[in-house]
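Coordinate inspection notes
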Number of protein chains: 4
Amino acid sequence: MAKKNKRYETSSKILKAATQVFSEVGFAGARVDEIAQRAGVNKATIYYNTGDKKTLYARVLQKISGEMYAHPSENIEKVLTPVGQLKAYVRNIANVIDRNPALPNIILWEHASGGKNFPEEASIEIAKMIEMLINILKEGEKQDIFIKTSPILIQFMIMGSFMLYKTSNPIRKMHTAFPREVKKSESNLSGTIADEIEKYILKAVKKEN
Amino acid sequence: MAKKNKRYETSSKILKAATQVFSEVGFAGARVDEIAQRAGVNKATIYYNTGDKKTLYARVLQKISGEMYAHPSENIEKVLTPVGQLKAYVRNIANVIDRNPALPNIILWEHASGGKNFPEEASIEIAKMIEMLINILKEGEKQDIFIKTSPILIQFMIMGSFMLYKTSNPIRKMHTAFPREVKKSESNLSGTIADEIEKYILKAVKKEN
Amino acid sequence: MAKKNKRYETSSKILKAATQVFSEVGFAGARVDEIAQRAGVNKATIYYNTGDKKTLYARVLQKISGEMYAHPSENIEKVLTPVGQLKAYVRNIANVIDRNPALPNIILWEHASGGKNFPEEASIEIAKMIEMLINILKEGEKQDIFIKTSPILIQFMIMGSFMLYKTSNPIRKMHTAFPREVKKSESNLSGTIADEIEKYILKAVKKEN
Amino acid sequence: MAKKNKRYETSSKILKAATQVFSEVGFAGARVDEIAQRAGVNKATIYYNTGDKKTLYARVLQKISGEMYAHPSENIEKVLTPVGQLKAYVRNIANVIDRNPALPNIILWEHASGGKNFPEEASIEIAKMIEMLINILKEGEKQDIFIKTSPILIQFMIMGSFMLYKTSNPIRKMHTAFPREVKKSESNLSGTIADEIEKYILKAVKKEN
DNA sequence: GATGAATGAGCGTTCATTCAT
DNA sequence: TATGAATGAACGCTCATTCAT
């Protein structure tokens, strides 16, 4: 709306390009030159505008984790039952990932590298998110409809399956060895994939009667 | 003992060091100097003995995937019921990961990078493994004890949770934000962790009656 | 006076230093470090400004052959008789070599290496030059004042004597074995040396009557 | 004849291979590995048998110059007239070059590099050779059949034309720009080429009457 | 006499970063 | 605000040389 200043525009272009590049090749593999080129700015502009490579990466991480862990909370409180809340939780994650294609790669880069660059702010967001899951699962237990579970493992099952699915796309297509059922893939999670994972997670967690 | 081939011994030292370094920092982040130092050999020896950085990485990938996807089959055929087989399948994966600490990181690096360096041989091994899972799940369906599932997603749930668990260890410990339940961790999967995942996967897959 | 383009100035310094170094030790013997040092720039500047070692060498070759084969034509067309033209031809070559001390060495490096790096553009220039000589000799034949000759061999006699003379300078001085008459040398061709060669070439080519 | 010892055989193979390689790419461009491979021996054998790269190159130079400057004298003394002697001189050089294909390249490498590695022994041989030419030319002058000439320049005309001819072969064939008359070439000097050069040199030197 | 294995020194090249404008 | 030019510090790799056998 209001005409933003030029600096901000440049900053946005840089951040967008950096997100792309870092997600494709990771921190060590990323070239500042490449980021500058994709952003359509001079390499020195990155240093002038944002700072060094590490700072730039930190900004990317921060933005990513902000998006990751802020939105999911949106629709959950409106839902009343733990089952509905857990469904919403899974679905929100799928939505966020679909809206941020760079996210799974970056999270995996960070996991692989042992989180060396993971900013404290980002882990606060994650913590809030997990707390949300903990509450949902606890409430389910209290109502005697969920079994006792380890929230962190449930979290990893959800995130892990989504992220491996997303990032395995090129691998599955590249190699001829895989069975046919494995090679077909959908680019979005929010359709069939999220449906399935939601189903598995719920079954895994629900008490049989 | 028998005097071993000198070249082979050197090669082993190099491969071991390379596996470590690549798993810690990935291909782009790895320094040949560092690998040489950890192997206790001169940098040039790596080139004399094994070849360039890419070749070395390929060898690491090959060894890793060999170990990953060969062993799990071991105990499965002895088990008769699909439930037993699925349990063995999950447990075997946990065992392999425990025995090869570099494995989760390297797999994640590869996923994150879109499998640019993934050797065809490795994907053959993975394919065999997934085929195994497909058969188990099919048999379960046929016997009407498993629901219809997407094997690749089940696979990703198992692998994803194990690998994220393993690699999240330093992150979880590093950051203060996480709830207490999340911070405690066991270094091996084969104990409680595998038990839990096994339970969730089975519940996710089994038909309720 | 007018403020020159900075990049161009750097480029010139690099090209000059490169010409020197390549002429002294050839392509394989040249060290990029040495070129950078003589040019008074950082080694990386060479890559930023010009490109890799091969590209740099190509530029040197191109400039050398440009100078070699452009100027000789200058004064020849003004001269009317074949004898005068041939004299001018020889003299022009001597002048060019005198003005470009790196030239003989570089041509010899290229000859010795089988012209592996010789750029097509350079050979076009040489070809034009030889064509000039062919025309002079043909005209002389037609006027019945020159014998029938092989132009390429005449060319090699001229170039060969000039270039060996120039490059033998350090050798002749270094070694004590040579007869006195051989050791004295003039640094420029354009004086006595060119006079002599001109005389020999003309005698070799002219028809006796 | 007598069965030579093994060391000598190895030494010969090495020297032959080294001569080839040095003539093709010069001292700086030569790789000890390549020489070893062509000689069919282990790289370490070169050091054991002959010494380091410089020593090996010196041996090659020595052998080359020995061959170059010893043989030409053979037939000259039998010839009585200066004209006949000069013809023999030119022809002998052509023969030696034909018999030693590595010779022109190596001489050119040495000239180009300013004779940095030229051994004193070699220059003694050259000196003897030039002295021979000096005597022939002096005798011709005394008999009033040759004009007064600069022997070193005559020497360079002969050597220069032969060597440029030989080494220009690949260049002339490689590039399309050259006129047809220039592209055809004979691999041996001793035929037409030597005839022509001999004719030019004699005409250049002989007194007209 | 000969060699497979290993290495130190150095080379061409890249890359994150800074400087002058 | 932005950039073209320049650079220091590495990095992957090569190569002449040595060592143990």
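Residues numbered from 1 in each chain as written. Chains lettered and ligands numbered in written order. Predicted model: local features only at pLDDT ≥ 70, side-chain atom pairs only at ≥ 80, totals over all residues. Heavy atoms only, no water.

1. As for the overall build of chain A
Assigned secondary structure in chain A consists of 10 helices and 0 strands. In chain A, the order of α-helices and β-strands from amino to carboxyl end is α-α-α-α-α-α-α-α-α-α. Its C-alpha atoms give chain A principal-axis dimensions of about 65 × 45 × 35 Å. A burial count over chain A gives 55% of its 209 residues as buried. Across chain A, every contact between residues at least 6 apart in sequence was considered, and the portion connecting residues at least 24 apart equals 68%. Roughly 9600 Å² of accessible area belongs to chain A as shown, and the carbon and sulfur atoms make up 53% of that amount. (Helix = DSSP H or I, 4+ residues; strand = E, 2+ residues; numbered from the N terminus. Buried < 20%, exposed > 50% of the residue type's maximum accessible area, 1.4 Å probe, protein only. Contact = heavy atoms within 4.5 Å. Areas by Shrake-Rupley, 256 points an atom, 1.4 Å probe, with all protein chains shown as cover.)

2. Observations regarding the interface of chain A and chain B
On the side of chain B, 67 residues touch chain A, which itself brings 66 residues to the contact. For the pair chain A and chain B, the summed buried area comes to about 5300 Å², and 71% of that belongs to carbon and sulfur atoms. Counting across the interface, chain A meets chain B through 0 salt bridges. Applying the counting rule to chain A against chain B returns 9 residue pairs in polar contact (both at pLDDT 80 or more). Among the elements of the structure, α1 (6-29), α6 (102-112), α7 (120-142), α8 (151-174), α9 (180-183) and α10 (192-205) of chain A are those that each provide at least two residues to the side of chain A that touches chain B. (Buried area = accessible area lost by both parts, 1.4 Å probe. Salt bridge = Lys/Arg side-chain N within 4 Å of Asp/Glu carboxyl O. Polar contact = N/O pair within 3.5 Å; in protein donor to acceptor, adjacent residues only side chain to side chain.)

3. What to know about the interface of chain D and chain C
Contacts between chain D and chain C engage 67 residues on the former and 66 residues on the latter. Roughly 5300 Å² is buried in total at the junction of chain D and chain C, and carbon and sulfur atoms are behind 71% of that figure. When residues of chain D are sorted by the area they lose upon contact with chain C, Met157, Tyr200 and Lys203 of chain D head the list and together hold 13% of the total. Our count for the contact surface shared by chain D and chain C stands at 0 salt bridges. Applying the counting rule to chain D against chain C returns 9 residue pairs in polar contact (both at pLDDT 80 or more). Of all elements in the fold, only α1 (6-29), α6 (102-112), α7 (120-142), α8 (151-174), α9 (180-183) and α10 (192-205) of chain D reach the threshold of two or more residues within the side of chain D that touches chain C. Classifying every residue of the side of chain D that touches chain C gives 35 nonpolar, 17 polar and 15 charged. (Nonpolar A, V, L, I, M, F, W, Y, C, P; charged D, E, K, R; others polar.)

4. A few points about the domain arrangement of chain A
Residue and element names in this part refer to chain A. Each assigned domain of chain A is listed here: domain 1 (1-51) and domain 2 (59-205). Its C-alpha centre places domain 1 at a distance of 28 Å from the equivalent point of domain 2. Taken together, the contact between domain 1 and domain 2 spans 10 residues of the former and 8 residues of the latter. Surface buried jointly by domain 1 and domain 2 totals about 850 Å² across both partners, of which 67% is contributed by carbon and sulfur atoms. Along the lines of polarity and charge, the residues of the side of domain 1 that touches domain 2 split into 4 nonpolar, 5 polar and 1 charged. (Domains from an automatic or database assignment.)

5. Observations regarding the protein's contact with DNA strand F
Neighbouring DNA strand F are 31 residues, the closest being Thr45 of chain A, Lys43 of chain B together with Thr10, Asn42 and Thr45 of chain C. In the environment of DNA strand F, a phosphate oxygen lies 2.7 Å from a nitrogen or oxygen atom belonging to the side chain of tyrosine 47 of chain B. If you list the elements that add at least two residues to the surface near DNA strand F, you get α1 and α3 (43-49) of chain A, α3 (43-49) of chain B, α1 (6-29) and α3 (43-49) of chain C together with α3 (43-49) of chain D. Considering only residue class, the surface near DNA strand F consists of 14 nonpolar, 6 polar and 11 charged. (Near = heavy atom within 4 Å.)

6. Observations concerning the relation of the copies chain A and chain B
In screw terms, the move from chain A to chain B is a rotation of 180 degrees and a rise of 0.0 Å along the axis, fitting with an RMSD of 0.2 Å. Taken together, the rotation angle and the small translation identify this as a two-fold axis. (Least-squares fit on C-alpha atoms with pLDDT ≥ 70 in both.)

7. Some thoughts on the packing of α8 of chain D against α10 of chain D
Residues and elements named next belong to chain D. In the contact formed by α8 and α10, the axes pass within 11 Å of each other and the chain directions differ by 160 degrees. Our classification of the angle between α8 and α10 gives roughly antiparallel. The interaxial crossing formed by α8 with α10 has right-handed handedness. From α8, Ile154, Met157, Ile158, Ser161, Phe162 and Tyr165 reach across to α10, where they touch Ile193, Ala194, Ile197, Ile201 and Val205. Residue classes in the contact of α8 with α10 are distributed as 10 nonpolar, 1 polar and no charged. (Axes fitted to C-alpha atoms, helices over the stretch in contact; angles between N-to-C directions. Parallel < 35°, antiparallel > 145°, perpendicular 65-115°, else oblique. Left-handed = near helix turned anticlockwise from the far one by under 90°.)

8. Observations regarding the nonpolar core
Ranked by size, the top nonpolar core spans 138 residues in total, and within it Phe162 of chain C together with Phe162 of chain D carry the most contacts. Those residues within four positions of phenylalanine 162 of chain C in sequence are excluded, and the remaining contacts are Val90, Ile93, Ala94, Ile97, Leu189, Ile193, Ala194 and Ile197 of chain C. Within the second largest apolar cluster, 137 residues are counted, among which are Ile46, Val90, Ile134 and Val205 of chain B. (Core = buried A, V, L, I, M, F, W, Y, C linked by side-chain atoms within 4.5 Å.)

9. What about the relation of the copies chain D and chain C?
Screw-axis analysis of chain D against chain C gives a translation of 0.0 Å along the axis, an RMSD of 0.1 Å, and a rotation angle of 180 degrees. Both copies share a contact surface, since 99% of the interface residues of chain D are interface residues in chain C too.

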